[in-house]
Amino acid sequence: MARGGPPVIEVRGVTKAFGEREVLHGVDFDVAEHEAVALIGASGSGKSTLLRCIDLLEEIDDGDIFLDGEVITDPSVPPVAVRRKLGVVFQAYNLFPHMSVLQNVVLGQMRAQKVGRREAEEEGRALLARFGLAGREDDRPEELSGGQQQRVAIARAFAGKPRALLLDEVTSALDPELVGEVLEAVRDLKAAGMTMVIATHEMAFAREVADEVAFLHQGRIVESGPPRQVLEEPHAEETRRFLARLLEAGRA
Amino acid sequence: MTETATTAPGARRLEREAAKRRRARRNAGIAAASSVIVIGGLAALILTSPGWPTVRETFFSWSEFRNAFPEVLNGFWLDIKVFMVVEAAVLVIALVIAMIRVNRSPGLFPVRLLSTVWVDVFRGVPTVLLVYLVGFGVPALELEGLPTDPVVLGGIALTLSYSGYVSEVYRAGINSVHRGQTDAALSVGLTQTQAMRHVVLPQAIRRVAPPLLNDFVALQKDVALISIIGPQEAFRVAQIYQGENFNYTPIIAAAMLYLVITIPLARIVDRMGGAGGVR
């Protein structure tokens, strides 16, 4: 697939340290419209931090991030307006336990996007049905399986009609038999043309759904390109070693 | 074959149930016997003490009880009113202080500093001293518009003291809500304030409801402290009566009135701690 179209997200030379510990050392990458980029790399390589920086949940130290060509990491840009254009799905779901499934999905719509209750709930119900959760609207999150909770979280992130979705290891907290249903939901989003950044450990899934794979190692993108090339004929020594370790662990 | 498979475990089950019943009977027997020994022993100790006849007359006189009770009850009604107003004020003020203390914005620094001082000072000074200081200090200023009614002043002192405690309970609740909840709220486009209001606070308050109720019980009792600056609440009424008649029974009457309120409250706290703690 030709990489065309204007980039929705551009990350330029981003660095981020927590105290003395530098997590990102100058990360560069683009995500074009309707494209899915899979971020791979060992635990602690900075994948989550990078996603959190894009959603302005962390402040970057250097570099810039652009959304639809406009810089979002300038201190003068209000973070709330930026976050309303992005959706995030967290590894641990982070559903609101005191709210019903439907309330979880419509909260942002009603409070942030100022959509009326009736319209928000109608859309919310449709979204939940789309991700196989019809009939669970009034349940509490704790009454759902991990896979169902993560699909609610996907519906919640998608409800705000974001320009791009950021998925942070969305299957890592799940029992193996529940991974499939969540990946199915992501496939559905990809088929609908959603622009996505997917931090993942699921190499087979990255190969299938991503247009591009970027390998993050010690806070830098060491290698990126089409999945086939990065995952099967990696140029960089670090990528080869990482993939070999995954193979040994039976994850690829 | 199938018959033995179903009857054999049945027999074992009956045996176990019989053993369980025997154990339960024995435990009940031990509990009853030890209760009789401990409670009976304590009662015997008190009833055979050399001063018991006098104590019975001065603390547990039925006629004195009947005479004093209406007035004590009347005084207790004042305690209840003060309690309700102070509790409402405490819940609101403490929440405001807690929100200020968890807020990080630099513009609020002076207010944050003030709230910290508020909590440190009013929580650090014995409530009885606060009642005394506010009760006699504020009127001494002779400023126009400041309250002089000792009931109001006592209520203010209790509010200062308890808002210090309760704000720390709220703050602990707010801090116990996982960071990921705020992240998720921000990620769907909420502002910091909305995230606090719709996501963090509802969870925090649910979690601290048992300790909050516990402080209710404590406050309910501490209302009696305002008696030292004059108001005729239950303890004060009982004290006056005792001074006139040399009989302490009205104090017992006041104590019983407190128990009528605090014991049910304590049971509610227990129940919330058991069932509500999981939520």
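Note that the structure is predicted; figures quoted are calculated from it, not measured. (Residues numbered from 1 in each chain as written. Chains lettered and ligands numbered in written order. Predicted model: local features only at pLDDT ≥ 70, side-chain atom pairs only at ≥ 80, totals over all residues. Heavy atoms only, no water.)

## Description of the sheet that holds strand β4 (residues 62–67) of chain A
Residues and elements named next belong to chain A.
Line of reasoning, step 1. Read across the sheet, 4 strands follow the order β2-β1-β4-β5 without closing on themselves; strand pairing throughout is antiparallel. Here the strands that pair on one side only, and so sit at the sheet edges, are β2 (21–32) and β5 (70–71).
Line of reasoning, step 2. Contacts between helix α1 (residues 47–54) and the sheet are confined to β1 (7–18), β2 and β4, with β2 contributing the most and set at about 65° to the helix. (Pairing = 2+ DSSP bridges. Helix = DSSP H or I, 4+ residues; strand = E, 2+ residues; numbered from the N terminus. Contact = heavy atoms within 4.5 Å. Axes fitted to C-alpha atoms, helices over the stretch in contact; angles between N-to-C directions.)

## Re the nonpolar core
Line of reasoning, step 1. Grouped together as the largest cluster of nonpolar side chains are 43 residues, with contacts concentrated most on Ile9, Val11, Phe29 and Ile65 of chain A.
Line of reasoning, step 2. Val115, Leu128, Ala159 and Val186 of chain A belong to the second-largest nonpolar core, a separate cluster that totals 39 residues. (Core = buried A, V, L, I, M, F, W, Y, C linked by side-chain atoms within 4.5 Å. Buried < 20%, exposed > 50% of the residue type's maximum accessible area, 1.4 Å probe, protein only.)

## Focus: helix α9 (residues 234–245) of chain B
Residues and elements named next belong to chain B.
Line of reasoning, step 1. The terminal C-alpha atoms of α9 lie 16 Å apart, and with 12 residues this matches the ideal 16 Å at 1.5 Å per residue to within 8%.
Line of reasoning, step 2. Within α9, burial applies to Ala234, Val237, Ala238, Tyr241 and Gln242. Buried residues of α9, seen end-on, are gathered within an arc of 135° and therefore sit on one face of the element.
Line of reasoning, step 3. The distance from a side-chain oxygen at the start of α9 to the backbone nitrogen of phenylalanine 235 is 3.1 Å, and the residue carrying that oxygen is glutamate 233.
Line of reasoning, step 4. Looking one or two residues past α9, phenylalanine 246 carries a phi angle of roughly 55°, positive in sign. (Expected span 1.5 Å × (residues − 1). Arc of directions from axis to C-beta. Polar contact = N/O pair within 3.5 Å; in protein donor to acceptor, adjacent residues only side chain to side chain.)

## Remarks on the packing of aromatic side chains
Line of reasoning, step 1. Tallied over the entire structure, the rule returns 11 aromatic pairs over all chains.
Line of reasoning, step 2. Between phenylalanine 65 of chain B and phenylalanine 69 of chain B the ring centres are 5.3 Å apart and the planes differ by 25°, which places this aromatic pair in the stacked class. Remark: phenylalanine 69 of chain B and phenylalanine 65 of chain B occur in helix α3 (residues 62–102); sequence separation between them is 4 residues, near one turn of the helix.
Line of reasoning, step 3. Looking at phenylalanine 69 of chain B, the relative accessible area reads 26%, which means it is partly exposed.
Line of reasoning, step 4. Taken together, the ring pairs connect Trp62, Phe65 and Phe69 of chain B into an aromatic cluster.
Line of reasoning, step 5. Between arginine 156 of chain A and the ring centre of phenylalanine 96 of chain A, over which it is positioned, the NZ or CZ distance is 4.6 Å. (Phe/Tyr/Trp six-rings, centres within 6.5 Å; stacked < 30°, edge-to-face > 60°. Lys NZ or Arg CZ within 6 Å of the ring centre and 35° of its normal.)

## A word on the domain arrangement of chain B
Line of reasoning, step 1. What the domain assignment reports for chain B is domain 1 (2–52) and domain 2 (63–278).
Line of reasoning, step 2. Its C-alpha centre places domain 1 of chain B at a distance of 43 Å from the equivalent point of domain 2 of chain B. (Domains from an automatic or database assignment.)

## Some details on a nonpolar patch on the surface
Residue and element names in this part refer to chain B.
Line of reasoning, step 1. Where nonpolar side chains cluster on the molecular surface, the patch consists of Ile37, Val38, Ile39, Leu42, Leu45, Ile46 and Leu47 and spans about 730 Å² of accessible area.
Line of reasoning, step 2. Note on placement: isoleucine 39 falls in helix α1 (residues 2–47).
Line of reasoning, step 3. Classification of isoleucine 39 as exposed rests on a relative accessible area of 57%. (Patch = residues over 30% accessible without salt bridge, like charges linked within 9 Å, V, L, I, M, F, W, Y side chains within 5 Å. Areas by Shrake-Rupley, 256 points an atom, 1.4 Å probe, with all protein chains shown as cover. Salt bridge = Lys/Arg side-chain N within 4 Å of Asp/Glu carboxyl O.)

## Here's the deal with the sheet that holds strand β10 (residues 220–225) of chain A
Residue and element names in this part refer to chain A.
Line of reasoning, step 1. Strand order in this open sheet of 6 strands is β6-β7-β8-β3-β9-β10, and the pairing throughout is mixed. Only two strands of the sheet have a single partner each, and these edge strands are β6 (86–89) and β10. Ignoring which end each strand starts from, the neighbouring axes of this sheet average 20° apart.
Line of reasoning, step 2. Where strand β3 (residues 36–40) lies against strand β9 (residues 212–217), 4 bridges are found, and the strand directions are parallel. What sits directly across from isoleucine 40, in β9, is phenylalanine 215.

## Looking at the packing of helix α5 (residues 127–140) of chain B against helix α6 (residues 150–176) of chain B
Axis angle and axis distance: for two packed helices, these are the angle between their axes and the distance between the axes, and together they describe the pair.
All names here are of chain B.
Line of reasoning, step 1. Look at α5 against α6: their axes get within 8 Å of each other, and the N-to-C directions meet at 135°. With respect to α6, the element α5 is oriented oblique. At the point where α5 passes α6, the crossing takes the right-handed sense. Facing Thr127, Leu130, Val131, Val134, Gly135, Val138 and Pro139 of α5, the residues of α6 in contact are Leu153, Ile156, Ala157, Leu158, Leu160 and Ser161.
Line of reasoning, step 2. Counted by class, the contact of α5 with α6 contains 10 nonpolar, 3 polar and no charged residues. (Parallel < 35°, antiparallel > 145°, perpendicular 65-115°, else oblique. Left-handed = near helix turned anticlockwise from the far one by under 90°. Nonpolar A, V, L, I, M, F, W, Y, C, P; charged D, E, K, R; others polar.)

## Observations regarding the interface of chain B and chain A
Line of reasoning, step 1. Listed by partner, the interface residues are 18 residues for chain B and 22 residues for chain A.
Line of reasoning, step 2. Summing both partners gives a buried area of about 1,700 Å² for chain B against chain A, and 57% of it is carried by carbon and sulfur.
Line of reasoning, step 3. Among the residues of chain B in contact with chain A, Ser187, Val188 and His198 of chain B are the three that bury the most area, contributing 29% of the side total.
Line of reasoning, step 4. Here chain B and chain A share 1 salt bridge between them.
Line of reasoning, step 5. When the shortest N-O distance is used, the salt bridge between arginine 52 of chain A and aspartate 183 of chain B registers 2.8 Å.
Line of reasoning, step 6. Inspection of the chain B/chain A interface yields 7 residue pairs in polar contact (both at pLDDT 80 or more). (Buried area = accessible area lost by both parts, 1.4 Å probe.)

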